[in-house]
Amino acid sequence: MEATTTSVESPVSGERYDQVLATLQTELGLATAQGKRALALAIECVRLLDTKQQDYGSKNITYSGELGVAVRLQDKVCRLRHMLESGNTPKHEAMVDTYQDIANYGLIGQMLLDGSWLDG
């Protein structure tokens, strides 16, 4: 069974957020529950990326470039693998945080490639 919209828990959740999400899903022609959920999760990843940029800025990535992103991404993947293989639940980072960071490093890598990752 496929839902018409896929809501996410969000600091900005509520009726307006759900309306915006439903509009985006429709405008993008998303037809599957997975596509709709992926959009909702992507929005949360972008919000996290934006929050971290407000806190830390972009220079640390700018200085190290694509190689730095690859190193950070490798670190995240290794931590994820360790958590999955050991069965240990991390005490200081939820699994969802790890997955969001991995997704965001992919976005940062794409911005480095297209030149849109700017110091700011």
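Everything below is about the structure printed above this text.
Everything quoted here is computed from the prediction, not taken from an experiment.

## Here we look at the overall build of the chain
Each helix and strand counted, the chain has 4 helices and 0 strands in total. When the elements of the chain are put in sequence order from the N terminus, they spell out α-α-α-α. Within the chain, buried positions represent 26% of all 120 residues. Considering only intrachain contacts with a sequence separation of at least 6, the fraction spanning at least 24 residues in the chain is 62%.

## Considerations on the nonpolar core
Among the nonpolar cores identified, the biggest contains 7 residues, and these are Leu-49, Ile-61, Val-69, Tyr-105, Ile-108, Leu-112 and Trp-117. Considering every element that reaches this core, the biggest residue donor is helix α4 (residues 95-114), with 3 residues. Those residues in contact with Val-69, other than ones at most four positions away along the chain, are Ile-61, Tyr-105, Ile-108, Gly-109 and Leu-112.

## Quick look at the pattern of salt bridges
Tallying each qualifying case throughout the model produces 5 salt bridges. We note a salt bridge from Arg-81 to Glu-85, for which the minimum N-O separation is 2.7 Å. One end of the pair is Arg-81 and the other is Glu-85, both in helix α3 (residues 59-86) and 4 residues apart, which spans about a single turn. In this pair, the class of Arg-81 matches that of Glu-85, namely exposed. When salt bridges that share partners are traced, they join Lys-52, Lys-76, Glu-93 and Asp-101 into one network.

## Some details on the side chain of Asp-101
Position of Asp-101 relative to the elements: it lies in helix α4. Since its relative accessible area comes to 10%, Asp-101 is described here as buried. Residues within four places of Asp-101 in sequence aside, it is in contact with Leu-48, Lys-52, Lys-76 and Glu-93.

## Points about helix α1 (residues 15-27)
The terminal C-alpha atoms of α1 lie 18 Å apart, and with 13 residues this matches the ideal 18 Å at 1.5 Å per residue to within 8%. For α1, the complete set of buried residues consists of Tyr-17, Leu-21, Ala-22 and Gln-25. Along α1, the residues classed as buried sweep out an arc of 130° about the axis, all on the same side. Exposed residues lying more than 90 degrees from the buried face of α1 are Glu-15, Arg-16, Thr-26 and Glu-27. Packing partners of the buried residues in α1 comprise α2 (33-56). Downstream of α1 by one or two residues, Gly-29 has phi in the positive range, about 70°.

What counts and what doesn't
Residues numbered from 1 in each chain as written. Predicted model: local features only at pLDDT ≥ 70, side-chain atom pairs only at ≥ 80, totals over all residues. Heavy atoms only, no water. Helix = DSSP H or I, 4+ residues; strand = E, 2+ residues; numbered from the N terminus. Buried < 20%, exposed > 50% of the residue type's maximum accessible area, 1.4 Å probe, protein only. Contact = heavy atoms within 4.5 Å. Core = buried A, V, L, I, M, F, W, Y, C linked by side-chain atoms within 4.5 Å. Salt bridge = Lys/Arg side-chain N within 4 Å of Asp/Glu carboxyl O. Expected span 1.5 Å × (residues − 1). Arc of directions from axis to C-beta.

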